[in-house]
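# Commentary on secondary and tertiary structure
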Amino acid sequence: MNDTKSEEAKSHERDLANTLTRMAQVPMLIGLSIGMVLFLITFFVDIYDAIQTYEFLDRKKTILLILNMLDMVFIANLVVMVANNTYNTYKLKSSTQGEDYIQESERAYRRMKHRIVSTIIIISSIHVLSELLEFSQISALQIAALFGFHLILLATYVVTNAFRSSD
């Protein structure tokens, strides 16, 4: 009889800890949403500035503007992916228990890791390309450092996904 009460108390403590953990994610999701709104405003301000100053008439500046906008879109997609994964984990914890939860969360983590790293590499590529187009404003050493960092990201992605299971 005493063992049953002890197990119920432990179960209640775990449920309370899971609930508090899930509730801690809510302010973070709200913060990411506010960040996305600010990013959206920045996106349209850049377009407005390009139109107001007629920078879009200069081919090189237009290419840089488009690269900057693509960079912003990929960063926004990265934020959305993280927010969605956080929300899906929140839902998964509330609907799945035990071994099913562990297997589902591991699969979701591997998929999300692949998507996040891919997006970061794309963002890095756009940044390196932008800096190459603005070569007069950056030193050759800085370009080499950016390119080296990008190659490290790419090599890390290849190595970590070489042994990836098919999900």
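Structural notes, computed from the coordinates.

About the thresholds
Residues numbered from 1 in each chain as written. Predicted model: local features only at pLDDT ≥ 70, side-chain atom pairs only at ≥ 80, totals over all residues. Heavy atoms only, no water. Core = buried A, V, L, I, M, F, W, Y, C linked by side-chain atoms within 4.5 Å. Buried < 20%, exposed > 50% of the residue type's maximum accessible area, 1.4 Å probe, protein only. Helix = DSSP H or I, 4+ residues; strand = E, 2+ residues; numbered from the N terminus. Contact = heavy atoms within 4.5 Å. Lys, Arg positive; Asp, Glu negative; His and termini not counted. Salt bridge = Lys/Arg side-chain N within 4 Å of Asp/Glu carboxyl O. Phe/Tyr/Trp six-rings, centres within 6.5 Å; stacked < 30°, edge-to-face > 60°.

### A short note on the nonpolar core
Phe43, Ala50, Leu65, Met69 and Met72 form the largest nonpolar core, which has five residues in total. Elements with a minimum of two residues in this core: helix 1 (2-52) and helix 2 (59-95). The greatest single-element share of this core, amounting to three residues, is contributed by helix 2. Beyond its immediate sequence surroundings of up to four residues, Met69 is in contact with Phe43 and Ile47.

### What to know about the environment of Ala83
Mapped onto the secondary structure, Ala83 falls in helix 2. Classification of Ala83 by relative accessible area gives buried; the value is 18%. The sequence separation of Ala83 and Ser33 amounts to 50 residues, and the corresponding C-alpha distance is 8.4 Å. With residues near it in sequence (within four places) discarded, Ala83 still touches Leu29 and Leu32.

### Comments concerning the side chain of Ser130
Within the secondary structure, Ser130 sits in helix 3 (residues 98-133). Residue contacts for Ser130: discarding those within four places in its chain leaves Leu64 and Leu67.

### Some points on the side chain of Asp71
As for its position among the elements, Asp71 is in helix 2. Of the side chains with opposite charge, Lys60 lies nearest to the buried Asp71, which makes no salt bridge, at 17 Å.

### Quick word on the environment of Asn88
Mapping Asn88 onto the fold places it in helix 2. The exposure class of Asn88 is partly exposed, given its relative accessible area of 41%. For the pair Asn88 and Ala108, spaced 20 residues apart in sequence, the C-alpha to C-alpha distance is 9.0 Å.

### Looking at the packing of aromatic side chains
Under the defined criterion, the tally for this structure stands at two aromatic pairs. Arranged with centres 5.4 Å apart and planes meeting at 90°, the rings of Phe43 and Phe44 form a pair that is edge-to-face. Considering the side-chain rings of Tyr54 and Phe56, the 6.2 Å spacing of their centres and the 40° angle between planes classify their relative orientation as tilted.

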